[in-house]
Amino acid sequence: MTDLLSELLAEKPWLLTDGATGTNLFARGLQHGDSPELWNLEEPEKIRAHYRDFIEAGSDIVLTNSFGGTANRLKLHKAEDRVYEINKAAAELLAAEIAESGRRIVNAGSVGPTGDLYQPLGPLTIEDGKNSFAAQMRGLKDGGADVAWIETISSEEELTAALDAADEIGLPSVCTLSFDTNGRTMMGMTPQRLVEMVHARPIRPVAFGGNCGTGASDLLVGLLSIADKLEEGDVLIAKANCGIPVYEDGEIRYTGTPELMQACARLAVNLGARIIGGCCGTTPAHIRAMREALDAHTKGDAPDMPAIIAACGTLTGSTAELLGGGESKESTRQRRGRRRN
């Protein structure tokens, strides 16, 4: 199988991904509680328009509308028997838009967490997880996905299961974790542990890094924390949320401006990331601005933590601990206050 992602990485210094799926589908009428994945079958033109917006904004990589495409997640919508059909449609709709664009764009099959806990905390074994992911990936591959884009993972068991599934199905893979709990994932994984796991794989992912989380600064500091652990050939991904969510006028909005995401993109490149994009809250307008910034950017020296904070805002957790900086008394008080609210 041709690995288009690796081919493009060999040709270009960086690649730009798309932005948020859920945020932009809500703007097209998706209701909270509905399954975005069912829109692949019920509202295919809206899904194609979503893909088209990011292609026209300049994305080199676009993710399929299949984040919750495992049977584990689809059962919440009584669609667990439609895994193959739903995921195949997600990739086919994107493949059609890519073909019409006339550009070489990676069709990235989005694979999110199952939502279930692994043993001993929950019912899933790694083999169960692998089988669930493999069923999803078969649909994505047959629909035209170039890569299994494994994202927002939080546990070692789930990462192992998903990567094993991609290897079994024969799809190249990438993986990103969400470091949203004081510089760790919800299940305690650090960026350093991600590097160790990737380096130990029999078939290494094409790229790895972070997505989502608690803001651009936290994600970039996470990348800074693993700089001395990287090996030649490692490809880093930085796909940060567009600021942080706030509740205004009855809706959730993200605070990130196009200028903030431009700053994040430039710093990500300086930190060595070669795949850059946005996660929750990131619109095609943000991606277009990031494209303009990156096209005009010449890679500079890697920023330190103060430079990241100055450009992208304060850390929202105790991510500074990743670099041995400890946690200030003020940040401790702020974090405890959030727990009370």
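This one's a predicted model, so the numbers in the text were calculated from it and none came from an experiment.

## Side note on the overall build of the protein
So, point 1. Of the regular secondary structure elements, the protein holds 14 helices and ten strands.
So, point 2. Here the C-alpha radius of gyration of the protein, 19 Å, is about what a compact globule of 341 residues would show, namely 20 Å.
So, point 3. Each of the three principal axes of the protein carries a C-alpha extent, and together these read 50 × 50 × 50 Å.
So, point 4. Taking as baseline every contact in the protein between residues at least 6 positions apart, the subset at least 24 positions apart corresponds to 78%.
So, point 5. Within the structure as shown, the protein displays about 14400 Å² of accessible surface, and the carbon and sulfur contribution to it stands at 50%.

## As for the environment of Arg201
So, point 1. Turning to its location among the elements, Arg201 is positioned in the loop between helix H9 (191–200) and strand S6 (207–212).
So, point 2. Accessibility expressed as a relative area gives 13% for Arg201, which makes it buried.
So, point 3. Discounting chain neighbours no more than four positions away, the residues touching Arg201 are Thr160, Leu163, Asp164 and Asp167.
So, point 4. One polar contact links Arg201 to Asp164, side chain to side chain, over a distance of 2.8 Å.

## Observations concerning helix H11 (residues 258–270)
So, point 1. Taking 1.5 Å of rise per residue, 13 residues should cover 18 Å, and H11 covers 19 Å from first to last C-alpha, within 8% of that figure.
So, point 2. Along H11, ten of the 13 residues are buried, which leaves the element largely enclosed by surrounding structure.
So, point 3. Every buried residue belonging to H11 is among Leu260, Met261, Gln262, Ala263, Cys264, Ala265, Leu267, Ala268, Val269 and Asn270, and all of these are buried.
So, point 4. At its buried positions, H11 is contacted by helix H10 (216–224), strand S7 (236–240), strand S10 (273–278), helix H12 (284–295) and helix H13 (305–312).

## As for the pairing of S10
So, point 1. In terms of burial, S10 is largely enclosed, as five of its six residues are buried.
So, point 2. The pairing of strand S1 (residues 15–16) with S10 spans two bridges and is classified as parallel. Directly across from Leu16, in S10, lies its bridge partner Ile276.
So, point 3. Judged from the five bridges that link them, S7 and S10 form a sheet pairing that is parallel. Bridged to Lys239 within S10 is Gly277.

## A short note on the sheet that holds S6
So, point 1. Taking strand neighbours across the sheet as the criterion, the eight strands line up as S1-S10-S7-S6-S5-S4-S3-S2 in an open arrangement whose pairing is parallel. Where the open sheet ends on each side, the last strands, each with one partner, are S1 and strand S2 (61–63).
So, point 2. Relative to S6, H9 is tilted by about 145°, and along the sheet it contacts strand S5 (173–177) and S6.

What counts and how
- Residues numbered from 1 in each chain as written.
- Predicted model: local features only at pLDDT ≥ 70, side-chain atom pairs only at ≥ 80, totals over all residues.
- Heavy atoms only, no water.
- Helix = DSSP H or I, 4+ residues; strand = E, 2+ residues; numbered from the N terminus.
- Rg over C-alpha atoms; globule rule 2.2 N^0.38 Å.
- Contact = heavy atoms within 4.5 Å.
- Areas by Shrake-Rupley, 256 points an atom, 1.4 Å probe, with all protein chains shown as cover.
- Buried < 20%, exposed > 50% of the residue type's maximum accessible area, 1.4 Å probe, protein only.
- Polar contact = N/O pair within 3.5 Å; in protein donor to acceptor, adjacent residues only side chain to side chain.
- Expected span 1.5 Å × (residues − 1).
- Pairing = 2+ DSSP bridges.
- Axes fitted to C-alpha atoms, helices over the stretch in contact; angles between N-to-C directions.

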